[in-house]
Each structure stands twice: as C-alpha cells, then as structure tokens.
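Listed below, chain by chain, are the residues.
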Amino acid sequence: MDYLLIALQVIVALSILNVWLVQNKKPTQWRGGNATTIIEEFKVYGLPVWMCFVVGTLKILFALGLLAAIWYPSFREPSALGLAALLLGSIAMHLKIKDPIKKSLPAFIFLTMCLYIAFPIF
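The model shown is predicted, which means the values in this text are computed figures rather than measured ones. (Residues numbered from 1 in each chain as written. Predicted model: local features only at pLDDT ≥ 70, side-chain atom pairs only at ≥ 80, totals over all residues. Heavy atoms only, no water.)

### Regarding the overall build of the protein chain
Each helix and strand counted, the protein chain has five helices and zero strands in total. Expected size for 122 residues packed as a compact globule is a radius of gyration near 14 Å; at 14 Å, the protein chain falls within 12% of this value. The dimensions of the protein chain, computed from C-alpha atoms along their principal axes, are 45 × 25 × 20 Å. Counting across all 122 residues of the protein chain, residues that qualify as buried make up 40%. A fraction of 62% describes how many contacts in the protein chain between residues 6 or more apart in sequence connect residues 24 or more apart. Per element, the accessible surface of the protein chain, about 7000 Å² overall, is 74% carbon and sulfur. (Helix = DSSP H or I, 4+ residues; strand = E, 2+ residues; numbered from the N terminus. Rg over C-alpha atoms; globule rule 2.2 N^0.38 Å. Buried < 20%, exposed > 50% of the residue type's maximum accessible area, 1.4 Å probe, protein only. Contact = heavy atoms within 4.5 Å. Areas by Shrake-Rupley, 256 points an atom, 1.4 Å probe, with all protein chains shown as cover.)

Written out as structure tokens, the structure is:
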C-alpha cells in the first residue's frame, strides 16, 4: 500500500469536492475574472451554464473515483486522468481571459498531483 498515493488521492478528492459542493457559491481569490461563484466564472470564460453542470458532475465523479480507488485500485488511473484533463481545461480558461498566473496555480498544482497519481514514478 503506497501511503503517498493515498494521501494525494484524498487531498485532491476532498479539495475538488470542497470547491464544487461547499465553496461553489462563495467568492475566492482563485475564481476567473471577477466572478464570485462557479456559475459566474463559467460565464466569464464565455461558456454556457450547462457546461458548468457537466464539468462539475465530472469533477465530482472523478473525485469520488479517487476516493474509491483507495479500495479499488483500478479506479485510480481513469479518475486521475479525467481530473487532469478537466484541470488542464481550467488552466486554459484562465489563460483565455488573461487572468494573472496566480489564479491558475491551484489547477496547476492539482494537475501535477493527478498526473503523479496516474503515473507514480517513485
């Protein structure tokens, strides 16, 4: 049992669940543009509101997949790669609207963690 992988899975999963289920209607310094909610953030990116629900559902499912992967390791790689793809999209959206790099930092950190979870090198 690799405790580093489990720790990263828990950190990423709980962070994603926190953003999408607890903090989704609260302003944070990481939101795109001057958005104060996730739905406003998607509007700032020029994306339709339905896309917010699709992305949110996928992120929640992949986060739950990372937690399930603690007991069912076959979930680990697809969940981590699914989140990695969505996080890459988050970074692209921040770049699209010319946000300061600082706003992309959480997505970049979690992208890096997801890639390590999918392809552990140590």
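### Re helix H5 (residues 105-118)
Residues separated by three or four positions in an α-helix point in the same direction, a consequence of the helix having 3.6 residues per turn. When the terminal C-alpha atoms of H5 are compared, their 20 Å separation across 14 residues agrees well with the 20 Å that a helix rising 1.5 Å per residue should span. Within H5, burial applies to Ala107, Phe110, Leu111, Met113, Cys114, Tyr116, Ile117 and Ala118. (Expected span 1.5 Å × (residues − 1).)

### Observations regarding unusual backbone geometry
Its identity is not glycine, yet lysine 98 carries a phi of approximately 60 degrees, on the positive side. Structurally, lysine 98 can be placed in the loop between helix H4 (76-96) and H5. For lysine 98, a relative accessible area of 71% corresponds to the exposed category.

### Here's the deal with the side chain of histidine 94
Among the secondary structure elements, histidine 94 is positioned in helix H4. A distance of 2.7 Å separates the side chain of histidine 94 from the side chain of aspartate 99, its partner in a polar contact. There is a polar contact of 3.5 Å between the side chain of histidine 94 and the backbone oxygen of lysine 103. Once you skip the residues sitting within four places of it in the chain, histidine 94 turns out to touch Trp30, Arg31, Gly32, Glu41, Tyr45, Asp99, Lys103 and Ser104. (Polar contact = N/O pair within 3.5 Å; in protein donor to acceptor, adjacent residues only side chain to side chain.)

### Points about the pattern of salt bridges
Two side chains carrying opposite charge are able to pair once their charged atoms lie near each other. Following the criterion strictly, the structure yields one salt bridge and no others. Residues arginine 31 and glutamate 41 are paired through a salt bridge, measuring 3.3 Å at the closest nitrogen-oxygen approach. On the criterion of sequence distance, the pair formed by arginine 31 in the loop between helix H1 (3-22) and helix H2 (38-44) and glutamate 41 in helix H2 is long-range, its members being ten residues apart. Each member of the pair, arginine 31 as well as glutamate 41, carries the same accessibility label: buried. (Salt bridge = Lys/Arg side-chain N within 4 Å of Asp/Glu carboxyl O.)

### Notes on the side chain of serine 104
As for its placement among the helices and strands, serine 104 is situated in the loop between H4 and H5. Leave out the neighbours within four places in its chain, and serine 104 touches Ile91 and His94.

Without other data, these values stay purely geometric and don't point to any function.
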